[in-house]
Amino acid sequence: MQWTAFKLPANGTLYALGIAEIQEILKIEKINESILASEICIGTIDLRGSMVPIINFSNLLGYGAQGSKQGTDEGDKRIIVLKIGSELFGLMVDAVDSIISYFQDELIAFPVLNPERSDLFLGCISQEGRDGILLLNHDRILLNSEIETITQGHSKLFQVDRKANERRKDGGSGRKSFITFAIGSIFAVGIDEVKEIIDLPSSLLQPPGLPAHFKGMLNLRGKLVTIIDARTMYSIPALENSSSSKVLVFERDGVDFGIVVDSVEAIVSFADQDKIKIPDFLCRNSENGLTEDITEAVQINGSDGKSQSLPILSVKSIAAWVKQSVPFLRSAFYFTGRCLR
């Protein structure tokens, strides 16, 4: 199972929730005031016709009132949308940090000083080069009586035709989740195609003769992952400061590779019917090669309320391109393998 790691505004600690339990992750644009607001519930957002109450996760964990309404428009905060039965609610957190996976023997039990919240945590994992990450028990969050009261209260205040709303959302074909990320502009990739999201390593293995679009190779828990510089690959000018860059890690057609992106923005969902096919002539007439890896897009509403196209990156296309470098990669793997002995 994959987990999404995030930080809290109050203490900078890393927490993680299972991806399967998350409906969406949204960048905060506006939180509306609510007559049911409290220290824990700081307001609501309108999510495609559903009024979703927003929970201050720091306050829920007992870190006090810092990070409440007045700070919701600062920095890089996100809303993690979860579900209680048929009710949606959002957790306000700091920036999404990474997507992680771990081996069961890496899970460490830890003492919890507050017995009332002890069952909220499954344990802790510690991975090389970073602080420990606390894994949250999704079921125990959902059973919190105060959250249930908040969500049900807002549901009664803002009733919508749920059946009609669901038909409009799904269009009979179901919704799929995508991670949005930046490489200069905003793009998307299917969340089920992303194996992990990690910080850009400070150092990488450098086999001789490495092409410019390969930044190097990474030993990721015993697997060698080829790291690709997306900006170089697509002839986009380099960032002046790449300290916040992330690496999307993929495993496709027998190839392990990672793509360096400027940032990870959100998790969104939409139906297949929302996709639009990009005309072939646009794919053929690419100046930087980017459109060779993008054949579909989806229409979404931007922060200004206007409709805009979100290009979807084809992992299959990139994996095929990486495979063309197999002769080089084989020699690189051999060289790197000798260096690791």
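The model shown is predicted, which means the values in this text are computed figures rather than measured ones.

1. Here's the deal with the overall build of the chain
Then, number 1: In terms of helices and strands, the chain carries eight helices and 21 strands.
Then, number 2: The 341 residues of the chain split such that 48% are buried.
Then, number 3: Residue pairs in contact within the chain that sit at least 24 positions apart in sequence constitute 60% of those at least 6 positions apart.
Then, number 4: Only carbon and sulfur atoms are counted for the fraction: they give 49% of the accessible area of the chain, which is about 17200 Å².

2. Comments concerning the environment of Thr44
Then, number 1: You can see Thr44 is positioned in strand β4 (residues 41–47).
Then, number 2: Sequence separation of Thr44 and Phe89 is 45 residues, and the distance between their C-alpha atoms is 8.7 Å.

3. Some remarks on the packing of aromatic side chains
Then, number 1: Under the definition given, this model contains nine aromatic pairs.
Then, number 2: Aromatic side chains Trp3 and Tyr102 sit 6.3 Å apart centroid to centroid with 50° between the ring planes, which places their arrangement in the tilted category. Of this pair, Trp3 sits in strand β1 (residues 3–7) while Tyr102 is found in the loop between β8 (96–100) and β9 (121–125), placing the two residues 99 residues apart along the sequence.
Then, number 3: Summarising the aromatic geometry, the rings of Phe214 and Trp321 are spaced 5.9 Å apart at their centres and angled 40° between planes, so their arrangement reads as tilted. Residue Phe214 is found in strand β14 (residues 214–220), and its partner Trp321 is found in helix α7 (residues 315–323); the two are separated by 107 residues along the sequence.
Then, number 4: Judged by its relative accessible area of 25%, Trp321 falls in the partly exposed class.
Then, number 5: Here the aromatic cluster, defined as three or more aromatic residues joined through ring pairs, consists of Phe6, Tyr15, Phe57 and Phe121.

4. A short note on the environment of Leu310
Then, number 1: Summarising the element assignment, Leu310 is placed in strand β21 (residues 307–312).
Then, number 2: Its relative accessible area of 3% is what places Leu310 among the buried residues.
Then, number 3: For Leu310 and Ile276, which are 34 residues apart along the polypeptide, the C-alpha to C-alpha distance reads 9.8 Å.
Then, number 4: Setting aside chain neighbours within four positions, we find Leu310 in contact with Thr180, Ile186, Phe187, Ala188, Ala297, Val298 and Ile300.

5. Observations regarding the nonpolar core
Then, number 1: Phe57 and Phe257 are the most contacted members of the largest nonpolar core, which has 58 residues in total.
Then, number 2: Setting aside residues no more than four positions away along its own chain, Phe257 makes contact with Val225, Thr226, Ile228, Leu248, Val249, Phe250, Arg252, Val315, Ile318, Ala319 and Val322.
Then, number 3: Counting residues in each nonpolar core, the second largest holds twelve residues, with Ile31, Ile45, Val52 and Leu88 among its members.

6. Describing the confidence of the model for the chain
Then, number 1: The share of residues in the chain with pLDDT of 70 or more is 72%, and the mean pLDDT across the chain is 76.
Then, number 2: Of the regions scoring below 50 in pLDDT, residues 160–172 engages in 17 contacts with residues more than four places distant in sequence or in other chains.
Then, number 3: Predicted confidence for residues 281–286 stays below pLDDT 50, and this span has seven contacts to residues more than four positions away or in other chains.

7. With respect to α7
Then, number 1: Within the sequence span of α7, burial applies to Val315, Ile318, Ala319 and Val322. On an axial view of α7, the arc spanned by its buried residues comes to 100°, and they lie on one face.

8. Describing unusual backbone geometry
Then, number 1: For Ser235, which is not glycine, the phi dihedral falls at a positive 55°.
Then, number 2: With respect to the secondary-structure elements, Ser235 resides in the loop between α5 (230–233) and β16 (246–252).

9. As for the environment of Val264
Then, number 1: Within the secondary structure, Val264 is located in strand β18 (residues 263–271).
Then, number 2: In sequence terms Val264 and Val96 are 168 residues apart; their C-alpha atoms lie 7.3 Å from each other.
Then, number 3: Non-local contacts of Val264, meaning those with residues more than four positions away in its chain, are made with Arg78, Ile179, Thr180, Phe181, Ile197, Lys246 and Leu248.

10. Topic: the pattern of salt bridges
Then, number 1: Applying the stated criterion to the full structure yields twelve salt bridges.
Then, number 2: Salt-bridge contacts for Glu251 lead to Lys195; the nearest nitrogen and oxygen are separated by 3.2 Å. Here the residue Glu251 occupies a position in strand β16, and Lys195 occupies one in the loop between β12 (185–190) and β13 (196–199), the gap between them amounting to 56 residues.
Then, number 3: Notably, a salt bridge pairs Glu196 with Arg221, separated by 2.0 Å at the nearest N-O pair. In this pair, Glu196 sits in strand β13 while Arg221 sits in the loop between β14 and β15 (223–229), placing the two residues 25 residues apart along the sequence.
Then, number 4: By sharing partners, the salt bridges in this structure join Lys195, Lys223, Glu251 and Asp256 into a single network.

11. Quick word on the side chain of Glu265
Then, number 1: Residue position: Glu265 is located in strand β18.
Then, number 2: A distance of 2.6 Å separates a polar atom in the side chain of Glu265 from a polar atom in the side chain of Ser263.
Then, number 3: If we skip the residues at most four places from it in the chain, Glu265 touches Lys27, Arg78, Thr180, Phe181, Ala182 and Ile186.

12. Comments concerning the pairing of β1
Then, number 1: With four of its five residues buried, β1 lies for the most part within the structure.
Then, number 2: Two strands pair when backbone bridges link them, and β1 and β8 are joined in this way by four bridges, in the antiparallel orientation. Its bridge partner lying in β8, Trp3 is registered against Ile100.

Conventions we followed
- Residues numbered from 1 in each chain as written.
- Predicted model: local features only at pLDDT ≥ 70, side-chain atom pairs only at ≥ 80, totals over all residues.
- Heavy atoms only, no water.
- Helix = DSSP H or I, 4+ residues; strand = E, 2+ residues; numbered from the N terminus.
- Buried < 20%, exposed > 50% of the residue type's maximum accessible area, 1.4 Å probe, protein only.
- Contact = heavy atoms within 4.5 Å.
- Areas by Shrake-Rupley, 256 points an atom, 1.4 Å probe, with all protein chains shown as cover.
- Phe/Tyr/Trp six-rings, centres within 6.5 Å; stacked < 30°, edge-to-face > 60°.
- Core = buried A, V, L, I, M, F, W, Y, C linked by side-chain atoms within 4.5 Å.
- pLDDT = per-residue confidence, 0-100.
- Arc of directions from axis to C-beta.
- Salt bridge = Lys/Arg side-chain N within 4 Å of Asp/Glu carboxyl O.
- Polar contact = N/O pair within 3.5 Å; in protein donor to acceptor, adjacent residues only side chain to side chain.
- Pairing = 2+ DSSP bridges.

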